[in-house]
Amino acid sequence: MQVGFAGAGDAAEKNPFTPKAFAIRYWDKEIRSGLAKPQFLLSKASPLNAAEAAAFVKLASGNALSTRLPEFCAAAKLLCFPEVGSSLEKHDKDANFAVYRDKNFTNYGTGRPGGLDSFKNYSEGENIPVNDFRRYSRDSAGHKDGFLSYGTSGNVVQQSFHTYAAGATGGAGEFKRYADETNVPNLGFTSYSDNANGRTQSFTSYSENGNAGEQTFTSYGKNGNGPTNVFTSYGTESNVVGSGFSNYVETANAANDTFKGYGVDMNNPTNTFSNYAGGGNGAVERFSSYRDKANVGADSFTSYAKSANAADIGFSNYGKSFNEGTDTFTSYAKSSDGETKVGFTSYGVNNTFKDYEKKGTTVSFARYTNISTTLSASASASSLSGSFVNKWVEPGKFFREKMLKEGTVMPMPDIKDKLPERSFLPRSILSKLPFSVSKIDELKQVFKASDNGSMEKMMRDSLAECERAPSRGETKRCVGSLEDMIDFATSVLGRNVAVRTTQNVNGSKKSVVVGPVRGINGGKVTQSVSCHQSLFPYLLYYCHAVPKVRVYEADLLDPKTKVKINRGVAICHLDTSDWSPTHGAFISLGSGPGRIEVCHWIFENDVAWTIVK
């Protein structure tokens, strides 16, 4: 819908030197439609006052913004990581960490005999929780750690565990509902439980329903004796998540690891196992229902169980993706002894085995699926039926144009904005900041982003998408100021434009009834500029115009009362020929590129610019 502006009298507009006042004058100068200004979009203009703006412009000009980063982030309403100070405090009693946040645990629980520390509702629902565990429970005996509902529903979650429980005897660490439903989680376990004796770790409901994050396990359980690790429901229904296991339980004795329900229903998971269980003795590794029902994905096993003694490695129902992924085994079980057993039962498709150790190793393949099987044939995007919807494609996220008819009952996806609240930067500051993958080091210095941390990944991914070559017929630009958005929209559509967005989030994740429908430009093929948020320290929109679309506004009604609860804006893409065959729209609706049109709603805080008709 077209949104009216009713808040022109606040202090920011009264002072003509504020960035927001400038943005309003710029709007009046560049847009000639005469329509009311959109309140929700103007509310995202920079909140800096005139004095703050002048001071930060000067700092930006001298590459010195980082010297006052906390003040800059707070005043400009940006997404910046808190600075977590070190702590050498040593606790010798049980602790319950509830409603806790942004902590550096150094030398915590070292040498403790027994006891239990509980992390419940820790950093829950925060935008940017940052915690660092160093030497936690080191050399302890029988000490238990419980991480329950840890860092859930957060944005840009960064958690680090270094030399956690190293040298410990017995005890257990339990991670339950850890980082579930988070956006861009970055979770690192380095030298976790090294040289430990008989310690058990369990990861249950770990990072489920996450989006675009990474988990790294480096030297996890290395040189341990009898370490037991259980990964159950790990990363279920997550989107584009990567996990890296390097030197995991390397040279350990009697390691026992179980991966059950790992990566199930994921979208495009990428897992790397490098030198996993290498040189160990009597390791038992089980992969059961691993990456089951996932959409594509890629796993690589390099030097897995290399030089192992009497290892027992089993893959059961592994990689049975409905849309085939790839698996690469390089130097797998190489130089292991004759007692090592490797079994593949109901293993997926599209796999490569290179330098695979066959001599002296017992290898069995049962019901191993090759590329010509029914699974592979039925998994191609063009053959998927409309009833076969993978769980990661939310019902109602994509729909056909014929659904936009009064009286139609249809599911509404979750259109709520899940990203952290941020504001645009004024163009005077934005123009002085680096913005390219090639200048990521400079950008990291400005925002004090750690190497390979969540902030770096977040910025790198958004920059890469902004620098991606446009698809055929697409015109695109990333904008970090309201002025830049105005410039791009008017350059494509002219100055007689309107800003449209879905009115509210009512009806999300429920069924709605389509009420009266109005086609913009009479329902004819028209031009539109869609702007979608990207995750970045300041408010950044990816704006693009694609050819051959139709834009609609539709009243949305409650199915029971038939009362209007929302007014949605929908865009229908008529030309999908350049879309990927694995695009969620085709998995959800069936068919393939160029064979159908695809419609979707404009989500909360996203916008569609159209000509005024």
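Residues numbered from 1 in each chain as written. Predicted model: local features only at pLDDT ≥ 70, side-chain atom pairs only at ≥ 80, totals over all residues. Heavy atoms only, no water.

Asker: How would you sum up the pairing of strand S8 (residues 186-190)? Please name residues and give values.
Answerer: Of all the five residues making up S8, four are buried; the element is thus mostly covered by neighbouring parts of the structure. Pairing of strand S6 (residues 158-162) with S8 involves five bridges; the strand directions are parallel. Bridging across to S8, Phe-161 finds its partner in Phe-189. (Buried < 20%, exposed > 50% of the residue type's maximum accessible area, 1.4 Å probe, protein only. Helix = DSSP H or I, 4+ residues; strand = E, 2+ residues; numbered from the N terminus. Pairing = 2+ DSSP bridges.)

Asker: Give me the sheet that holds strand S27 (residues 540-545): which residues, what numbers.
Answerer: Pairing between sheet strands relies on hydrogen bonds along the backbone, with the strands arranged either parallel or antiparallel. Within the open sheet, the five strands sit side by side as S23-S27-S26-S31-S24. Their pairing is antiparallel. With one partner strand each, in any of the chains shown, strand S23 (475-479) and strand S24 (497-500) form the two edges of the open sheet. Adjacent strand axes in the sheet meet at a mean angle of 20 degrees, parallel and antiparallel pairs treated alike. Pairing of strand S26 (residues 528-534) with strand S31 (residues 607-611), which is carried by four bridges, proceeds in the antiparallel orientation. (Axes fitted to C-alpha atoms, helices over the stretch in contact; angles between N-to-C directions.)

Asker: Before we move on, can you summarise helix H8 (residues 440-447) with the specific residues and values?
Answerer: Of the residues making up H8, those classed as buried are Ile-440, Leu-443, Lys-444, Val-446 and Phe-447. Angular distribution of buried residues about the axis of H8 spans 160 degrees; they occupy a single face of the element. Tucked inside the fold, the buried residues of H8 contact helix H5 (69-76) and helix H9 (454-467). At the C-terminal side of H8, Lys-448 shows a positive phi close to 50 degrees. (Arc of directions from axis to C-beta. Contact = heavy atoms within 4.5 Å.)

Asker: Describe the pattern of salt bridges, naming the residues involved and giving the relevant values.
Answerer: A side chain of one charge can pair with a side chain of the opposite charge if their charged atoms are brought near each other. According to the stated counting rule, one finds 26 salt bridges in the structure shown. Arg-567 is paired through a salt bridge with Asp-555; the nearest N and O atoms lie 2.4 Å apart. Taken together, the residues Arg-567 in strand S29 (residues 564-573) and Asp-555 in strand S28 (residues 549-557) connect sequence positions twelve residues apart. With relative accessibility at 14%, the residue Asp-555 sits in the buried group. In the salt-bridge network here, residues are joined through shared partners; they are Arg-500, Arg-518, Glu-553, Asp-555, Lys-564 and Arg-567. (Salt bridge = Lys/Arg side-chain N within 4 Å of Asp/Glu carboxyl O.)

Asker: Residues and numbers for the nonpolar core, please.
Answerer: Phe-273 and Tyr-276 are the most contacted members of the largest nonpolar core, which totals 39 residues. For Phe-273, the contacting residues outside a window of four places in its chain are Phe-245, Phe-259, Phe-287, Tyr-290, Ser-300, Phe-301, Thr-302 and Tyr-304. One finds Leu-65, Leu-430, Met-455 and Tyr-538 within the second-largest nonpolar core, a separate group that totals 38 residues. (Core = buried A, V, L, I, M, F, W, Y, C linked by side-chain atoms within 4.5 Å.)

Asker: Describe the state of the cysteines, naming the residues involved and giving the relevant values.
Answerer: Considering all chains together, one arrives at four disulfides under this definition. Across the disulfide from Cys-73 sits Cys-80; the S-S distance is 1.9 Å. Here the disulfide of Cys-73 and Cys-80 is left-handed, its torsion about the S-S bond being about -70 degrees. For the pair Cys-73 and Cys-80, one class covers both residues: buried. Note that Cys-572 is cross-linked by a disulfide to Cys-599, the S-S spacing being 2.0 Å. (Disulfide = S-S within 2.5 Å.)

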